[in-house]
Amino acid sequence: MILEELIYKRFSGSEKLVKSLASYGGKPAVFSPEPPDDNQEGWDGNVQYPKVIYNFDLQANEERHSAGTLSVSLLCQNTTDVIPEKIEPLIRECLRDVILKPENGIPYCFAWARTDAFTIDEKNGDVTIGSEVRFDILEYPSQETTDPDPVMAACNYIKEIYPECLVMGHDEMGEITEASGSHPVIYCRLVSVDKGRETNTVAWMDGKIAVHILCPDSSIRLKIAAGITNRLSLDGEIIMLDHSPMYVKRLQTNYKSDYLKEGQIIFTGNFGLLRYKAKGHTLRHAPFAKY
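This one's a predicted model, so the numbers in the text were calculated from it and none came from an experiment.

Caption draft 1: Just the sheet that holds strand β14 (residues 245-253), in detail. Taken together, the six strands give an open sheet; going across it, the order is β9-β11-β12-β15-β14-β13, and neighbouring strands pair in mixed fashion. Taken across any chain shown, the strands that pair with only one partner, and hence form the sheet edges, are β9 (166-167) and β13 (237-239). Bridge analysis of β13 against β14 gives three bridges, and the strand direction is antiparallel. Bridge pairing links E237 to Y247 in β14.

Following this line, the structure appears as structure tokens:
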């Protein structure tokens, strides 16, 4: 599925949200980018409200460190008992701690940004009341680089500590992944790489890695972050895929940071790049016995 279809699947798959919306053609009144006209055939019971219209723009916003924005418009009418304030939390819940992975695409998360109320005066005297719910779209691209790969080494290291967690880049992901208390999701990303000291055979690099722990339960996020931090502090190194060590130079944990955008753990790993590959011995002038 493409991203638009996955978002629709999240909204239409929520029983609580569907019960609060009107129906069109036997399906929940969730539309993108435009809804059908109110006088168009297909509205069940001739009821057009409440309904949801969503649009997204995948254009990077450097100020909010996002890959785009998702705008969800919730429309109700003052002639019914259903008000936007009752439905708006259900919309936010549909996209909370959920990772959507379109076909042949990269995973996306949604961070709630703001909700604005509005009213629209209709020509027939009715008043449409609604809420505009905005989300920042965050992308979680693959961080795999080349050997020796510090991020993949960190993913493997964390997976060994917490096998019950889904580690992005290590485990296979479906189209929709919900982070939960029993199955948290962990994402490691490479923030920067600086070259340190050099020797005749090794160029030492400092890789800054951020670890994001996605989980709706704050106590579990705290526990996992503390567990990873303590283990890194005690081990002092991570064995990379080529069996070389990556030494933990600096380690910082912020339990109050935005786990979707910043990550709770940031550490600097010091690893080496070999200038020369080991050269095998060449067999020359081998004696042969004659029989």
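Caption draft 2: Broad picture of the layout of surface pockets. Taken as a whole, the second largest pocket spans an internal volume of roughly 270 Å³. Residue lining of the second largest pocket: 20 residues in total, with S142, M168, G169, D171 and M173 positioned closest to the centre. Sort the elements by how many residues they give to the lining of the second largest pocket and helix α4 (residues 150-161) lands first, with three residues. Of the residues that constitute the lining of the second largest pocket, the class distribution is eleven nonpolar, five polar and four charged.

Caption draft 3: Just the pattern of salt bridges, in detail. A complete count under the given rule lists ten salt bridges for this structure. Among the salt bridges present, the one from K51 reaches D38, with a minimum N-O distance of 3.0 Å. Of this pair, K51 sits in strand β4 (residues 51-57) while D38 sits in the loop between β3 (30-31) and β4, and the two are 13 residues apart along the sequence. Between R231 and D235 there is a salt bridge, and its shortest N-O distance comes to 2.8 Å. In this pair, R231 and D235 both sit in helix α5 (residues 218-235), four residues apart, roughly one turn of the helix.

Caption draft 4: Structural detail: unusual backbone geometry. That bond from Y49 to P50 is cis: its omega, -5°, falls within 30 degrees of zero. At the junction of D147 and P148, the peptide bond is cis and its omega measures out at -5° in the coordinates. As for its placement among the helices and strands, P148 is situated in the loop between β8 (127-139) and α4. Positioned with a positive phi, N46 is a non-glycine residue whose angle comes to about 55°. Among the structural elements, N46 can be located in the loop between β3 and β4.

Caption draft 5: Region of the structure containing the packing of aromatic side chains. Per the stated rule, a full pass over the model turns up six aromatic pairs. Taken together, a centroid distance of 5.0 Å and an interplanar angle of 65° make the contact between Y24 and W43 edge-to-face. In this pair, Y24 sits in strand β1 (residues 23-24) while W43 sits in the loop between β3 and β4, placing the two residues 19 residues apart along the sequence. Exposure class is identical for Y24 and W43. Each is buried. Relative to Y187, the ring of Y140 lies with its centre 4.8 Å away and its plane at 85°, an arrangement referred to as edge-to-face. Linking Y140 in the loop between β8 and α4 with Y187 in strand β11 (residues 185-198), this pair joins segments that are 47 residues apart in sequence. Residues Y140 and Y187 agree in their burial class; the two are buried. Positioned above the aromatic ring of Y49, the side-chain terminus of K51 is 4.6 Å from the ring centre.

What counts as what
Residues numbered from 1 in each chain as written. Predicted model: local features only at pLDDT ≥ 70, side-chain atom pairs only at ≥ 80, totals over all residues. Heavy atoms only, no water. Pairing = 2+ DSSP bridges. Helix = DSSP H or I, 4+ residues; strand = E, 2+ residues; numbered from the N terminus. 1 Å grid on protein atoms, 1.4 Å probe; cavity = no way out; pocket = protein on both sides within 12 Å on 5 of 7 lines; lining within 4 Å. Points joined across faces, edges and corners; volume = space filled by probe spheres on them. Nonpolar A, V, L, I, M, F, W, Y, C, P; charged D, E, K, R; others polar. Salt bridge = Lys/Arg side-chain N within 4 Å of Asp/Glu carboxyl O. Phe/Tyr/Trp six-rings, centres within 6.5 Å; stacked < 30°, edge-to-face > 60°. Buried < 20%, exposed > 50% of the residue type's maximum accessible area, 1.4 Å probe, protein only. Lys NZ or Arg CZ within 6 Å of the ring centre and 35° of its normal.

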